[in-house]
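A closer look at the structure
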Amino acid sequence: MTIKKQIILLASLIIAIPLFCSFFIFFHNYASSEQRLLMKSTKEVQKIQTQYITKEEWDELITTIRLLPHHIQTIGIYNNDTIIYSTMPEYEANTKISMDDIWKYTNKTSNEYFYQFTAININEKNVLLISRIDRSKRNFKKIHNIVLNFELFLVVIVFICILVLIFIAKSIFESINFLQEKTEQIANGDLSEQIKKKNQESENEITSISDNLEKMRVSLLEAENRKNRFIMGISHDLRTPVAVIKGYTEAIADDIIVDKSEIKQSLQLIKTKTTQLEEMIDTLINYTRLNNSDIREKMVKKSITNFFNDYLKEVSVYGELINRKITTENLVSKNIELPFNEQLLHRALENLFSNARRYTKDGDSIQLKLHIEGSNLIFAMKDSGCGIAKEDLKNIFDLFFRSTNSRLEKGMGIGLSVVKNIISTHGWTINVDSEKGIGSTFSIIIPLEQE
């Protein structure tokens, strides 16, 4: 259950419990009251002549008696000693009676009847109405059972509400504790332990954050690994030219190299290694400048088929220069216009072609093909080089990653990461299919219907 629903339910229960309790009290009081049984309906009753009150007073008394249900027996006592009206068989109208006898009789028969006493003032004359209803004629036991059952139902409802309140509070409390524990784990730099939800069934907004926390933990762990690889890689790549520069500089300074020609050669070598260091630093700076927002801002809608066609013509003349068999094939005859950054896309293709040339030998082939497959435009570059080890395929687009075959080649492991960044920012995808000793195929997949 989501936190939003839990809070809504929690607030509803907080409101509902007092309402249930108030209704319970009201219903209990009403169900326990005898008056509800005595004042229900009206019926015309027969007038009885009496010598104690006038006709007008009698009419007023009858009007009051009409408020009583027909099954209720009633006597009217005038001046506390004379019965002027009676439907009780034990008493007759126009007879004298003492109030003591009335009290004794009502107490004696209270187990058989419900009694109600009503004092009426008619023209400054006091009339006491005594009404009763036979308990045996009403199924009070059944009513009492209904009342008890309803009261029990309300108690159960309140009890369930309390249990739900406890469950919701416990769920929210545990979720917050879980979130706090895992965020502290990451804040303390502990990225080794996988973040898992304790209970997959009790999922809400807070516990679902654990999925994002796990993704963040993996990303941080990968970033940490990339940083370590970068430090190791850059240290290795920089150590060689620095060592050469330092060695020849010390040799010249210590007069170990004194011949002018040797000094000139040493200085030339130092210059070469310095240039190499400069190129490495420029490569790092250029990569940091390669920002996704910059790429998106420079996208212009133009013919992408013309762009690829020009690029295929450009690389087709490289074959003799690099001693490779280069074949190009354009199977797309129609003109397709899409928004893209021509300069950066050209850079991505050059990086792919440079890799294909680097990892192939003289006489190997490099094939470039543009075609449409389904709703995608696909540009594929295939080489017959050394291929990529299976265990390296998943990491080849990572920054500073260098595969087994590239360890002996110069470079910093940035080229394919640049390609991936450029292609992804365009909203396209790039796939690689490679087999050790057979070759590699890099495919850029461009959706023809872009948002």
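A few points on the structure. (Residues numbered from 1 in each chain as written. Predicted model: local features only at pLDDT ≥ 70, side-chain atom pairs only at ≥ 80, totals over all residues. Heavy atoms only, no water.)

**What about the environment of Thr240?**
Formally: The way it works is that DSSP assigns letters per residue, a run of H or I at least four long becomes a helix, a run of E at least two long becomes a strand, and they are numbered from the N terminus.
In this fold, Thr240 is placed in helix H6 (residues 205–253). Residues Thr240 and Leu277, 37 residues apart in the sequence, show an inter-C-alpha distance of 9.9 Å.

**Observations regarding the packing of aromatic side chains**
We count it as follows: Centres within 6.5 Å are what make two rings of Phe, Tyr or Trp a pair, Trp counting through its six-membered ring; a difference in plane orientation under 30 degrees is then read as stacked, over 60 as edge-to-face, and the rest as tilted. Geometrically, a lysine NZ or arginine CZ counts as sitting over a ring once it is within 6 Å of the ring centre and also within 35 degrees of the ring normal.
Under the defined criterion, the tally for this structure stands at 8 aromatic pairs. Aromatic pair Phe307 and Phe308: ring centres 5.5 Å apart, planes at 70 degrees, arrangement edge-to-face. Three or more aromatic residues link up through ring pairs in this structure, and these residues are Phe307, Phe308, Tyr311, Phe340 and Phe379. The lysine or arginine in question, Arg132, covers the ring of Tyr113, its NZ or CZ lying 3.8 Å from the ring centre. One cation-aromatic arrangement involves Lys420 over Phe397; the distance from NZ or CZ to the ring centre is 5.5 Å.

**Concerning a nonpolar patch on the surface**
For the record, the criterion: A patch is a set of surface residues, each over 30% in relative accessible area and not in a salt bridge, joined within 9 Å for like charges and within 5 Å for the nonpolar side chains Val, Leu, Ile, Met, Phe, Trp and Tyr. Surface accessibility follows the Shrake-Rupley procedure with a 1.4 Å probe radius. Residue values consider only the protein chains on display as shielding. Throughout this description, the term salt bridge denotes a Lys or Arg side-chain nitrogen within 4 Å of a carboxyl oxygen of Asp or Glu. Each residue's exposure class comes from its accessible area (1.4 Å probe, protein chains only) as a fraction of the maximum for that residue type: buried when under 20%, exposed when over 50%, partly exposed otherwise.
A contiguous nonpolar surface patch, about 720 Å² in accessible area, is contributed by Leu152, Val155, Val156, Phe159, Ile160, Ile162, Leu163 and Ile166. Relative to the helices and strands, Ile162 resides in helix H5 (residues 140–187). On the basis of relative accessible area, Ile162 is assigned to the partly exposed category, the value being 39%.

**Details of the sheet that holds strand E10 (residues 376–383)**
Rules: DSSP-based pairing: two strands are paired if at least 2 bridges between them are found. Helix axes are fitted only over the stretch in contact, all axes being lines through C-alpha atoms; the angle between N-to-C directions runs from 0 to 180 degrees.
Taken in spatial order, the 5 strands make up an open sheet running E7-E9-E10-E12-E11, and their pairing is mixed. Taken across any chain shown, the strands that pair with only one partner, and hence form the sheet edges, are strand E7 (325–330) and strand E11 (429–435). Strand-to-strand twist of the sheet, defined as the mean angle between neighbouring strand axes without regard to direction, takes the value 15 degrees. Note: E7 against strand E9 (residues 365–373), 6 bridges, orientation parallel. Among the inter-strand pairings, Glu329 is bridged to a residue of E9, identified as Lys369.

**Concerning the nonpolar core**
Threshold: We define the nonpolar core as a collection of buried residues of types Ala, Val, Leu, Ile, Met, Phe, Trp, Tyr and Cys that are connected through side-chain atoms lying within 4.5 Å of one another. Contacts were defined at the residue level, with two residues in contact if any of their heavy atoms lie within 4.5 Å.
Formed by 39 residues in total, the largest nonpolar core has its most connected members in Ile304, Phe308, Leu368, Phe379, Met381 and Ile444. For this core, the secondary structure elements donating two or more residues are helix H9 (304–316), strand E8 (337–340), helix H11 (342–358), E9, E10, helix H12 (415–425) and strand E12 (439–447). In terms of residue count, the dominant contributor to this core is H11 (7 residues). Among all residues touching Ile444, those that are not within four sequence positions of it are Leu349, Leu352, Leu377, Ile378, Phe379, Ile423, Trp428, Thr429 and Ile430.

**Brief notes about unusual backbone geometry**
Positive phi outside glycine occurs at Asn94, with the angle close to 65 degrees. Tracing the sequence through the fold places Asn94 in the loop between strand E2 (82–86) and strand E3 (95–96). In this structure Asn94 comes out as partly exposed when scored by relative accessible area, which is 37%. One non-glycine residue, Asp255, lies in the positive phi region at around 60 degrees. Counting through the fold element by element, Asp255 comes out in the loop between H6 and helix H7 (260–289). Take Asp255: its relative accessible area is 55%, and that puts it in the exposed class.

**Quick notes on the pattern of salt bridges**
Overall, the coordinates contain 4 salt bridges when judged by the stated rule. For Arg132, the salt bridge goes to Glu90, with nearest N and O atoms at 2.8 Å. A residue pair is termed long-range when its members are at least 10 positions apart, and Arg132 in strand E5 (residues 125–134) and Glu90 in the loop between E2 and E3 qualify at 42 residues. On the basis of relative accessibility, which here comes to 1%, the residue Arg132 falls in the buried class. Assessed through its relative accessible area of 36%, Glu90 is described here as partly exposed. One salt bridge connects Asp362 with Arg324, and the closest N-O pair in it is separated by 2.8 Å. With Asp362 in the loop between H11 and E9 and Arg324 in the loop between helix H10 (319–322) and E7, the pair connects residues that are 38 residues apart, well separated along the chain. Classification of Arg324 as buried rests on a relative accessible area of 12%.

**A word on the pairing of E11**
Every regular strand shows the same layout, with side chains that alternate between the two sheet faces. The sheet contact formed by E11 and E12 spans 7 bridges and is antiparallel. Its bridge partner lying in E12, Ser434 is registered against Ser440. Counting the residues between successive antiparallel strands, the hairpin from E11 to E12 contains 3 residues, one of them, Gly437, with a positive phi of roughly 80 degrees.

**Describing the environment of Ile257**
Mapped onto the elements, Ile257 comes out in the loop between H6 and H7. Contact partners of Ile257, with chain neighbours within four places excluded, come to Tyr248, Ala251, Ile252, Glu262, Ile263 and Ser266.

**Observations regarding the pairing of E12**
Judged by how many residues are buried, E12 sits mostly within the fold: 8 of 9 residues are covered. Bridge analysis of E10 against E12 gives 8 bridges, and the strand direction is antiparallel. Paired with Lys382 across the strands is Thr441, a residue of E12.

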